[in-house]
Amino acid sequence: MRLVVVGAAGRMGRTLIKAIAENPGCMLSGAVERPGSAAVGQDAGFVAGMASCGVLVTDEPGSAFAEADGVLDFTTPDATAEYSSLAAQVGIVHVVGTTGMEPVHFSKLVRAARTIPVVQSGNMSLGVNILAALVQKVAAILDKEWDIEVLEMHHRMKVDAPSGAALLLGEAAASGRQTILSDHYVAGRDGCTGCRTVGTIGFAALRGGTVVGDHKVVFAGAGERIELSHIAEDRSLFAQGAIKAALWARNREHGLYTMSDVLGLDGL
Ligand code: NAD
């Protein structure tokens, strides 16, 4: 499968370029960066810290998309919205790992999914998606007297909060309780907040150092707690997940899919 990496010089972009080189089922056909990036014109292999691979980083996505079967996208919400429309025009798979998207961005993915397979997930790792399935089950078992809090920690360069994975876990908890997360969402407590409202799902975000991604979901009851957690030790697991998603989506019908679909976790 010919894959384009957009955001090629980013932390995930470089990790994706390496992961594609190690995966016999796919090849890097294009690498795209934003106009003005120092990486434009450089060999994508060098950008990723490897030997030359013969693919030059470009700031012209149109030609790169035209020669590909899929695009792996870990960029920014605005860029992802644009790339989803472009992928739909060209008719290739769009795998979206970008987080921090608002409804205006998400609506572009929904529109693209009318013609192409789009796989979107706030976390592409097997572990976090299994954790989400477990969180959903536990939330379904426990009543609302058990308070649910989602904690996450990421590296100091992360720009959005809570993380995509924290939101994925919060959605799973809400779905287990048969409610909608946005109706019960509480984040960024500060000052005199008053007592905790029954049934809310709280979020806390820590930032520092080089942490790849730690997540913990706490179910706090009267006199006892259940804690479910995941620690990502290396970003390559997100890259492997994204490649798996692209290969899975390649011959699928158009539609908006999640990693739960890719990993077959729906029945868990
Ligand atoms: P980063 O800032 O290191 O990389 C982003 C790259 O995108 C940069 O190189 C930037 O120049 C480039 N970019 C911005 N606009 C662009 C455009 N219009 N065209 C092409 N390239 C453009 O960030 P990162 O740590 O690699 O993370 C990127 C995104 O992926 C974030 O939203 C992050 O939260 C998310 N992420 C998701 C997962 C997951 O599993 N879903 C895992 C890790 C990171």
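Scroll up for the structure.
Residues numbered from 1 in each chain as written. Predicted model: local features only at pLDDT ≥ 70, side-chain atom pairs only at ≥ 80, totals over all residues. Heavy atoms only, no water.

**Student:** Just checking my understanding: could you explain the sheet that holds strand 7 (residues 147-154) for this structure?
**Tutor:** Consider a sheet: its strands pair through backbone hydrogen bonds, and that pairing is either parallel or antiparallel. As summarised here, the arrangement of the 5 strands in space is 8-9-7-10-11, forming an open sheet in which the pairing is mixed. Each end of this open sheet is capped by a strand with a single partner; those strands are strand 8 (185-187) and strand 11 (225-232). Ignoring strand direction, the axes of neighbouring strands in this sheet form an average angle of 15°. Sheet strands in contact with helix 6 (residues 126-141) are strand 7, strand 10 (213-220) and strand 11, and its direction is about 165° off that of strand 11. Relative to the sheet, helix 7 (residues 164-176) contacts strand 7, strand 8, strand 9 (201-207) and strand 10, its axis offset from that of strand 9 by approximately 165°. (Pairing = 2+ DSSP bridges. Helix = DSSP H or I, 4+ residues; strand = E, 2+ residues; numbered from the N terminus. Axes fitted to C-alpha atoms, helices over the stretch in contact; angles between N-to-C directions. Contact = heavy atoms within 4.5 Å.)

**Student:** Is there a simple way to think about the pattern of salt bridges in this case?
**Tutor:** Between side chains of opposite charge, pairing is possible as soon as their charged atoms come close. Considering all chains together, one arrives at 9 salt bridges under this definition. Notably, a salt bridge pairs Arg196 with Asp147, separated by 3.3 Å at the nearest N-O pair. With a gap of 49 residues between them, Arg196 in the loop between strand 8 and strand 9 and Asp147 in strand 7 connect regions that are remote in the sequence. Residue Arg196 is classed as partly exposed on the basis of its relative accessible area of 28%. Salt-bridge contacts for Glu227 lead to Lys216; the nearest nitrogen and oxygen are separated by 3.3 Å. Of this pair, Glu227 sits in strand 11 while Lys216 sits in strand 10; the two residues are 11 residues apart in sequence, bridging distant segments of the chain. Given the relative accessible area of 40%, Glu227 is considered partly exposed. Taking the relative accessible area as the measure of exposure, Lys216 reaches 28% and is therefore partly exposed. (Salt bridge = Lys/Arg side-chain N within 4 Å of Asp/Glu carboxyl O. Buried < 20%, exposed > 50% of the residue type's maximum accessible area, 1.4 Å probe, protein only.)

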